[in-house]
Amino acid sequence: MPVQQTLILLKPDAIQRGLAAEILGRFERKGLRIVGLKLVQATGDQADRHYAEHKERPFFPSLKQFITGGPLIAVALEGDEAVPVARLIIGATDGRAAAPGTIRGDLALSKSNNLVHGSDSPASAARELAIWFPEGLLATRRSDTVWVETP
Ligand code: IDP
Ligand code: MG
């Protein structure tokens, strides 16, 4: 049961639609802990670095315009298997195909404006957390928790 950290972005459409609390609440209720959180106006450089793997895709210019088009909220979450667990909560990329019960399945009707980003692997999480939280995260201790977890 590895404790992982993952990078979540509440994309500009989530902020514009007033869904930040709704989306953040889903991760919190699952039990993932917030270890970093900030409202950010993304720069072009941050967008280029964050979406480097998509640089050559035809949708990249509009994706960059979208992600820099308004404030977003960057969140660092920590918990048991946080990377895959957050991806499950987020759902498939295309909101029209995402399963009901997921964030995108319940709240998004678009493949581009799909409300939320979640790192797709621990290596991606480390790379992305360095982009959005270059100053690092709050040090948290397992002893901060007030319950005992069983395997
Ligand atoms: P993911 O966010 O589910 O990991 P990726 O394939 O990594 O999906 O794509 C990154 C983001 O780029 C998506 O969340 C979405 O905003 C945008 N995107 C992906 N595919 C398309 C597309 O075919 N058209 C427009 N935008 C897309
Ligand atoms: Mg991705």
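What you are looking at is a predicted structure, and each value in this text was computed from that prediction instead of being measured.

Definitions and limits used
- Residues numbered from 1 in each chain as written.
- Chains lettered and ligands numbered in written order.
- Predicted model: local features only at pLDDT ≥ 70, side-chain atom pairs only at ≥ 80, totals over all residues.
- Heavy atoms only, no water.
- Salt bridge = Lys/Arg side-chain N within 4 Å of Asp/Glu carboxyl O.
- Helix = DSSP H or I, 4+ residues; strand = E, 2+ residues; numbered from the N terminus.
- Buried < 20%, exposed > 50% of the residue type's maximum accessible area, 1.4 Å probe, protein only.
- Near = heavy atom within 4 Å.
- Polar contact = N/O pair within 3.5 Å; in protein donor to acceptor, adjacent residues only side chain to side chain.
- Areas by Shrake-Rupley, 256 points an atom, 1.4 Å probe, with all protein chains shown as cover.
- Nonpolar A, V, L, I, M, F, W, Y, C, P; charged D, E, K, R; others polar.
- Pairing = 2+ DSSP bridges.
- Core = buried A, V, L, I, M, F, W, Y, C linked by side-chain atoms within 4.5 Å.
- Contact = heavy atoms within 4.5 Å.

Peer 1: When you look at the pattern of salt bridges in this model, what are you seeing that I'm missing?
Peer 2: By the definition in use, this model includes six salt bridges. Between Glu 22 and Arg 26 there is a salt bridge whose closest N-O contact spans 2.7 Å. Highlighted residues: Glu 22 and Arg 26, both in helix H2 (residues 20-30), separated by four residues, approximately one helical turn. Residue classification places Glu 22 among the partly exposed positions, given a relative accessible area of 31%. Residue Lys 64 pairs with Asp 48 through a salt bridge whose shortest N-O separation is 3.1 Å.

Peer 1: Explain unusual backbone geometry here, please?
Peer 2: Outside of glycine, negative phi angles account for most residues, and trans bonds account for most peptide bonds. For Glu 81, which is not a glycine, the phi torsion comes out positive at approximately 55°. As for its position among the elements, Glu 81 is in the loop between strand S3 (72-80) and helix H5 (82-90). Judged by relative accessible area, Glu 81 falls into the partly exposed class, the value being 33%. The phi dihedral of Leu 115 falls on the positive side, at around 75°, and the residue is not glycine. Within the fold, Leu 115 resides in the loop between helix H6 (103-107) and strand S4 (116-118). We classify Leu 115 as buried; its relative accessible area is 0%.

Peer 1: What is the right way to read the site of ligand 1 from this model?
Peer 2: Neighbouring residues of ligand 1: Lys 11, Tyr 51, His 54, Phe 59, Leu 63, Arg 87, Thr 93, Arg 104, Lys 111, Ser 112 and Asn 114. A distance of 2.6 Å separates an oxygen atom of ligand 1 from a polar side-chain atom of Thr 93. In isolation ligand 1 offers 520 Å² of accessible surface; the protein chains occlude 81% of this area. For the shell around ligand 1, the per-class residue count stands at three nonpolar, four polar and four charged.

Peer 1: Looking at this structure, I do not really get the pairing of strand S1 (residues 3-10). What am I missing?
Peer 2: Side-chain direction in a regular strand flips from residue to residue, so the side chains alternate between the two faces of the sheet. Of all eight residues that make up S1, six are buried, and the element is covered over most of its length. Where S1 lies against S3, eight bridges are found, and the strand directions are antiparallel. In the sheet register, Gln 5 faces S3, and the bridge partner there is Glu 78.

Peer 1: Mind showing me how you'd approach H2 here?
Peer 2: An α-helix turns once every 3.6 residues. As a result, residues three or four positions apart point the same way. Within the sequence span of H2, burial applies to Ile 23, Leu 24, Gly 25, Arg 26 and Phe 27. At the exit of H2 stands Gly 31, carrying a positive phi of roughly 115°.

Peer 1: How do you make sense of the nonpolar core when you look at a structure like this?
Peer 2: Across soluble globular proteins, you tend to see nonpolar side chains buried next to one another. Core analysis: the biggest nonpolar cluster contains 21 residues, and Ile 8, Ile 23, Phe 27, Ile 103, Leu 115 and Val 116 have the highest contact counts within it. Every element with two or more residues in this core is listed here: S1, H2, S3, H5 and H6. Take this core: its biggest share by element is five residues, from H5. Leave out the neighbours within four places in its chain, and Ile 8 touches Phe 27, Ile 73, Ala 74, Val 75, Leu 77, Ala 86, Ile 90, Val 116, His 117 and Gly 118. By size, the runner-up hydrophobic cluster in this structure holds 18 residues, among which are Ala 42, Ala 47, Phe 60 and Trp 132.

That is the geometry; function is a separate question.
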